[in-house]
Protein chains: 2
Amino acid sequence: MATIADVARHAGVSTSTVSYVLTGKRPISDATKSRVRASIRELGYYRSVGARSSTIRRTNVVALVLPLRDGVHMPLLTGLVTAAVTAARHHGVDVLLMTGDQAAEDLRGVVGSGQVDGFLVLDGEIDDERVASLRRLGLPSVLIGQPAATHGLTCVDLDFEAAGAACVEHLADLGHRFIGFLGAPRAAYRRTTGFAHRAMVGLSAAAMRRGVTSTIMPTAGDYCSVLRALEALLRARPAVTALVVHNEAALGWVVTALRALGRKVPGDVDVVAICPDELATRTSPPLTSVLVPAGELGRRAVELLIGKLEARAVPPLTLLAPRLVTRASTRPVPRGAHP
Amino acid sequence: MATIADVARHAGVSTSTVSYVLTGKRPISDATKSRVRASIRELGYYRSVGARSSTIRRTNVVALVLPLRDGVHMPLLTGLVTAAVTAARHHGVDVLLMTGDQAAEDLRGVVGSGQVDGFLVLDGEIDDERVASLRRLGLPSVLIGQPAATHGLTCVDLDFEAAGAACVEHLADLGHRFIGFLGAPRAAYRRTTGFAHRAMVGLSAAAMRRGVTSTIMPTAGDYCSVLRALEALLRARPAVTALVVHNEAALGWVVTALRALGRKVPGDVDVVAICPDELATRTSPPLTSVLVPAGELGRRAVELLIGKLEARAVPPLTLLAPRLVTRASTRPVPRGAHP
DNA sequence: TTGAAAGCGCTAACAG
DNA sequence: CTGTTAGCGCTTTCAA
């Protein structure tokens, strides 16, 4: 493997000249510059990142910390990860993958040994303890998700409150006056700071504003739970003509269950989902949905982190505006359907 | 951040002694050893991987190259990735994530700059061109998947032929005599070396051996295609009492479609799937399945790569034996059902 | 069993 | 505009 000395010799210049051609940190005559470039190409030279990072104290590698535990939906994860890697490469930065369980000690090691410049942490439900240990690492970091206290962190997330509201707005615009909400499993609402809670709040608030009646219920991810929840919902409020679903696991069962209960989608019941795009398009009919912009999330997180690495000021909390895509599961309510 | 010199000073020894305590490459008296260890702990010292890799020419980082394009199923991907990362960490190795599209030039850069020691490449459908460029990189690599020519590579994959056979064996054991096979989309069978082809061959061969009649058809991933395929199948061969499905996208629709055609699962038609485990358990009823051992695949790939890094001889092709798990979708055929 | 010192490949003063 | 040189933090001879 060629070294910088090889290139210098080959081009008939000093090593520092080669280095400066590479970094652009001082003016070099076009003549030597191109001579050096030619030598570099000819010898197939690449700077050793080891030696380089050892001198400049910077690796151009960021760690991406993913939680192992479930509850994080797969498509979201993969979309986010590929977008993050692509965006990072675009800035000449590589991504080191770490899993959430190799927590404290491993992370310390990675920063202690100067292996990465910063952290990208994916964790919707991060708790204070983890936030604290993150801060203790002393390296710039960006959190994907929105913890209780943003306090001194940089976070990026979908604006779930706006997402919940967008669903209601859409349905109200179509003429619906009674909507049901199938939410996350019950446990998710214990934390009034979680995204489940925020979506629900946004939905409820928008419903009040628009004067539509909303009935909300938590749901588990299996068919039986979905069926039971819908039965209960339709019994309690037979006038319901629209459904907002914020539960990726349950999503696949909703239309099936509604059909089993004798309701057509759309027609008898319109459905709007809050979920990654490919989930909404893989049902039949494809669902009108507020998409969780996985790719955008990853991209923005990288951008923010790189901003911090370059000592730029970045906003502490970035909330991505929801985007509602209309598909076959929602339609204007026929005139006079709701007296 | 503490350096090795700090530790040496603090422990009252030379830097080389500290280094040797760390590497264990020469005997050190227990007295100094523990003194050095204490200083290390006290100062919170970690070896700089930059400086280290710059001298020893080894980074303890491997690249994991994932294809971006779809066709690779998400759950498989995430399971594989987390297992690989975990296994690698277990060997003190970190994982650098790369996406398949940043192909040639980026990969060259990563090896040229000495950023990684080897490659883990996930690509079921890798072509000769990519294999060649992989070999040209000149670093140890392990391929997850099985290309046409294993020639000089190290590969690990599920034994799809055995998987296809296992499905037939199971169904034949239960008494089924007529089985249908819902395969991958048509295009997947153009390559007679792909995993789709191999599963199909294994199934057909086993059917012949067991004297059961098999009818095979390709399938797209949407509900309509599945429904049409099943209609066609049942029309062509009404005696079919069992179905093998090797199509993850279609899987979710199979039971629904069978019900729409008036068949109970199990009972009228038994279903066996070849798919990742969590896909088989998320349908109702849960499906008997041959699982694609995503985690095992990742783990083995890492083990093989580390073997190569340590200059151990490793088998060129590792085929993981399929494991069939019986669930609610298959049952013994009632006596006399098939005269 | 330990230390001194050379060297890994690169960058960044310092010096023209 | 360019070269010389002293580091960066670590490993590994060589010498005791």
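Residues numbered from 1 in each chain as written. Chains lettered and ligands numbered in written order. Predicted model: local features only at pLDDT ≥ 70, side-chain atom pairs only at ≥ 80, totals over all residues. Heavy atoms only, no water.

Asks: Explanation requested: the sheet that holds strand E6 (residues 178–182) of chain B in the structure shown.
Replies: Strand pairing within a sheet occurs via backbone hydrogen bonds; the two strands may be parallel or antiparallel. Residue and element names in this part refer to chain B. Strand order in this open sheet of six strands is E7-E6-E8-E9-E10-E12, and the pairing throughout is mixed. Two strands bound the open sheet, and with one partner strand each, they are strand E7 (213–217) and strand E12 (324–325). Inspection of the sheet shows E6 paired to E7 by five bridges, in the parallel sense. Bridge assignment links Ile179 to a residue of E7, and that residue is Ser214. Packing against the sheet, helix H9 (residues 195–210) makes contact with E6, E7, strand E8 (242–245) and strand E9 (270–275), and its axis sits at approximately 160° to E7. Its contacts with the sheet place helix H11 (residues 248–260) against E6, E8 and E9, and it is angled at close to 170° to E9. (Pairing = 2+ DSSP bridges. Helix = DSSP H or I, 4+ residues; strand = E, 2+ residues; numbered from the N terminus. Contact = heavy atoms within 4.5 Å. Axes fitted to C-alpha atoms, helices over the stretch in contact; angles between N-to-C directions.)

Asks: Looking at this structure, I do not really get the domain arrangement of chain A. What am I missing?
Replies: It is common to give the size of an interface as the accessible area that goes away when the parts come together. The domain boundaries assigned to chain A delineate domain 1 (4–49), domain 2 (61–158 + 294–320) and domain 3 (160–291). The straight-line distance from the C-alpha centre of domain 1 of chain A to that of domain 2 of chain A is 35 Å. (Domains from an automatic or database assignment.)

Asks: Would you explain the interface of chain B and chain A in this entry?
Replies: Facing the 39 residues of chain B at the interface are 38 residues of chain A. Summing both partners gives a buried area of about 3300 Å² for chain B against chain A, and 65% of it is carried by carbon and sulfur. Along the contact surface separating chain B from chain A lie two salt bridges. The shortest N-O distance in the salt bridge between Arg89 of chain A and Asp106 of chain B comes to 3.1 Å. Between the two partners, chain B and chain A, sit 10 residue pairs in polar contact (both at pLDDT 80 or more). Broken down by element, the side of chain B that touches chain A gets its largest block of residues, seven residues, from helix H5 (residues 74–90) of chain B. Class assignment of the residues belonging to the side of chain B that touches chain A gives a composition of 16 nonpolar, 16 polar and seven charged. Inspection of the sheet shows strand E2 (residues 94–99) of chain A paired to strand E2 (residues 94–99) of chain B by three bridges, in the antiparallel sense. What sits directly across from Val95 of chain A, in E2 of chain B, is Leu97 of chain B. (Buried area = accessible area lost by both parts, 1.4 Å probe. Salt bridge = Lys/Arg side-chain N within 4 Å of Asp/Glu carboxyl O. Polar contact = N/O pair within 3.5 Å; in protein donor to acceptor, adjacent residues only side chain to side chain. Nonpolar A, V, L, I, M, F, W, Y, C, P; charged D, E, K, R; others polar.)

Asks: Please explain the side chain of Ser39 of chain A as it appears in this structure.
Replies: Residues and elements named next belong to chain A. Mapped onto the secondary structure, Ser39 falls in helix H3 (residues 30–43). Take Ser39: its relative accessible area is 2%, and that puts it in the buried class. Within polar-contact distance, the side chain of Ser39 engages the side chain of His10 at 2.8 Å. Look past the residues within four positions of Ser39 in its chain and what remains in contact with it is Val7, His10 and Ala11. (Buried < 20%, exposed > 50% of the residue type's maximum accessible area, 1.4 Å probe, protein only.)

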